[in-house]
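# Analysis of the macromolecular model
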Amino acid sequence: MKIALLHDAPAACARPDELDGLAQARTVSAALAEAGHTVIPVPVSLDLAGLARTLGGMAPQRVFNLVEAPGGRGCWIHWIPTLLEGLGLSFTGAGSAATFLTSHKVMAKRWLRAHGLPTPEWFTGDLPTTLDAVPSRWVIKSIWEDASLGLDDTSVVRAEPGPRLAAELARRAPRLGGAAFAETYVEGREFNLSLLAKGADAEVLPPAEIRFEAWPPGKPRLVGYAAKWDADAFEYRNTPRCFDLVATDAPLVRRLEELARRCWRVFGLSGWARVDFRVDGSGRPWILELNANPCLSPDAGFLAAAERANLGLRDVLERIVAAAGPGGRRARGPADPP
């Protein structure tokens, strides 16, 4: 099968997370080639007309979409599936609507809330607020960017949801991709649940807990940018991924799996995905965010979860490619609110 593999064009001064995207593209390309496919890597910039011409001349049977930030901006991620849908090409992963909904974290939270799924309260700076309760602490996050861009200890602030917090969002927005929001800080455990297409539905892979080991008192429990990308940082060394959960966690795991499956269905996800949770002190899970096409680089959490399920990289990729379907874009998309 001829497969066009789309990935972000490398930036002149690439950040560690952007370099990881290139490693992902090399890994996926090599594995698909070893499986017998003809793989043509295509670096993607903001020249969408040029990309359309390239794909038209190539006539691939499938497009493997690994683009995360066209032109270095996460807010344009849905442009690529939109283009592929317009060209009538069969491509892997989420469609344009699901990509937009999951990548815009505030829209995702609204969609979760509309479907009765638990997500922490949030504040965007719009006044007045309609929060059910006033949280004591907030985490200031980028609305669009992933990879925990700009997330560190200083991201946790104490403020009422009013003008002062709105001003803080505006002040931090430029280094958070241009748009920020505040989310209730949930003290507790953190879990990642990966999902992989299986037939018409999805298989939930073994849940991973991100543990905060030897954490100093008062230090916010965050998986920030340093925890993911700075190998010399305390946070990187002390946030191991753990699949060996105790037996008493079984009811919690079942609840997390149920919520992850519901997210897959109501957002209209396809191919592969990940749902991130915090579990508070009372054992209640909260959905933080969703990643429609999570990283497939060798050291990423998705492939670690797949390995725990006795699935190799080739198994994962073949299931992702199969989920794209043989013809034009499938009609699957986000479910209407109940």
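Residues numbered from 1 in each chain as written. Predicted model: local features only at pLDDT ≥ 70, side-chain atom pairs only at ≥ 80, totals over all residues. Heavy atoms only, no water.

### Comments concerning the packing of aromatic side chains
- Tallied over the entire structure, the rule returns seven aromatic pairs.
- Ring centres 5.8 Å apart and planes at 45° place the aromatic pair F64 and W272 in the tilted group. Placement of the pair is F64 in strand β3 (residues 62-65) and W272 in strand β12 (residues 272-279), with a sequence separation of 208 residues. Comparing F64 with W272 shows no difference in burial state: the two are buried.
- Measuring from centroid to centroid gives 5.2 Å for W215 and F234, while their planes differ by 45°, and the two rings are tilted. Remark: F234 occurs in helix α8 (residues 234-237) and W215 occurs in the loop between β10 (208-210) and α7 (225-229); sequence separation between them is 19 residues.
- Using a relative accessible area of 10% as the deciding quantity, one classes W215 as buried.
- Its relative accessible area of 27% is what places F234 among the partly exposed residues.
- Clustering of aromatic rings is evident, with ring pairs tying together F212, W215 and F234.
- Here R73 stacks its cationic end above the ring of W76, 5.2 Å away from the centre of that ring. (Phe/Tyr/Trp six-rings, centres within 6.5 Å; stacked < 30°, edge-to-face > 60°. Helix = DSSP H or I, 4+ residues; strand = E, 2+ residues; numbered from the N terminus. Buried < 20%, exposed > 50% of the residue type's maximum accessible area, 1.4 Å probe, protein only. Lys NZ or Arg CZ within 6 Å of the ring centre and 35° of its normal.)

### Concerning the sheet that holds strand β2 (residues 38-44)
- One open sheet accounts for three strands, arranged β2-β1-β3; its pairing is parallel. Looking at strand neighbours, the two that pair on one side only are β2 and β3, the edges of this open sheet. Neighbour-to-neighbour, the strand axes of this sheet turn through a mean angle of 25°, independent of strand direction.
- As defined by bridge partners, strand β1 (residues 2-8) adjoins β2 across seven bridges and the pair is classed as parallel. For K2, the partnering residue across the bridge sits in β2 and is T38. (Pairing = 2+ DSSP bridges. Axes fitted to C-alpha atoms, helices over the stretch in contact; angles between N-to-C directions.)

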